[in-house]
Amino acid sequence: VYASDLLCCGQVTPTSGDNFTNFKYTVRWTGSSNPPHAYVHIDGGQGVMMTLYDFTSGSYKYEYYTRLGSGNHNFYFTDDSEGEGGRDPNTGVYVGPQVE
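This structure is a prediction, so every number in the text was calculated from the model and none was measured.

K.L.:
Sorry if this is basic, but what is going on with the pairing of strand β7 (residues 59-66) here?
P.N.:
Put simply, side chains in a regular strand alternate between the two faces of the sheet. A large share of β7 lies buried, amounting to 6 of its 8 residues. As defined by bridge partners, strand β3 (residues 23-30) adjoins β7 across 8 bridges and the pair is classed as antiparallel. Within β7, the residue paired with Phe-23 across the bridge is Thr-66. As paired elements, strand β6 (residues 51-56) and β7 share 5 bridges and run antiparallel to each other. Counted as the bridge partner of Asp-54 is Lys-61 from β7. The antiparallel hairpin formed by β6 and β7 contains 2 residues in its connecting segment, where Ser-57 sits at a positive phi of about 40°.

In structure tokens:
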């Protein structure tokens with residue numbers, strides 16, 4: 001594992017919807033070692049493994065789709081590599097989506 005290996009650029013789309021909306025979580029991993037498994041943690045829950053979706057010039061994109069119950073949600077990402085850079089954001093959580 002190299003110091004430059006890290007998760008970044010996490011997001012969910014759309015940022016709001018209802019119980020029938022299929023929310024898409026994405027995160028990128030960049031680095032020079034083999035790509036790790038990536039996980040999304042929704043509302044502080046146990047991580048769910050994401051699908052490695054795309055590779056573009058040293059950057060791997062992971063995706064995960066799900067429907068959510070009503071309420072305001074939050075999320076963060078982790079990977080199973082060792083060392084720094086295995087969480088996005090580094091501290092705290094991303095806010096969203098809001099589900100009617």
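K.L.:
How should the nonpolar core be read in this particular structure?
P.N.:
One recurring pattern in soluble globular proteins is that nonpolar side chains are buried together. Tyr-25, Val-27, Val-40, Met-50, Tyr-62 and Phe-77 are the most contacted members of the largest nonpolar core, which totals 16 residues. Going through the elements one at a time, β1 (6-13), β3, β4 (38-42), β7 and β8 (71-79) are the ones with two or more residues in this core. Apart from the residues lying within four places of it in its own chain, the contact partners of Val-40 are Tyr-25, Gln-46, Gly-47, Val-48, Met-50, Tyr-64, Phe-75, Tyr-76 and Phe-77.

What counts and what doesn't
Residues numbered from 1 in each chain as written. Predicted model: local features only at pLDDT ≥ 70, side-chain atom pairs only at ≥ 80, totals over all residues. Heavy atoms only, no water. Buried < 20%, exposed > 50% of the residue type's maximum accessible area, 1.4 Å probe, protein only. Helix = DSSP H or I, 4+ residues; strand = E, 2+ residues; numbered from the N terminus. Pairing = 2+ DSSP bridges. Core = buried A, V, L, I, M, F, W, Y, C linked by side-chain atoms within 4.5 Å. Contact = heavy atoms within 4.5 Å.

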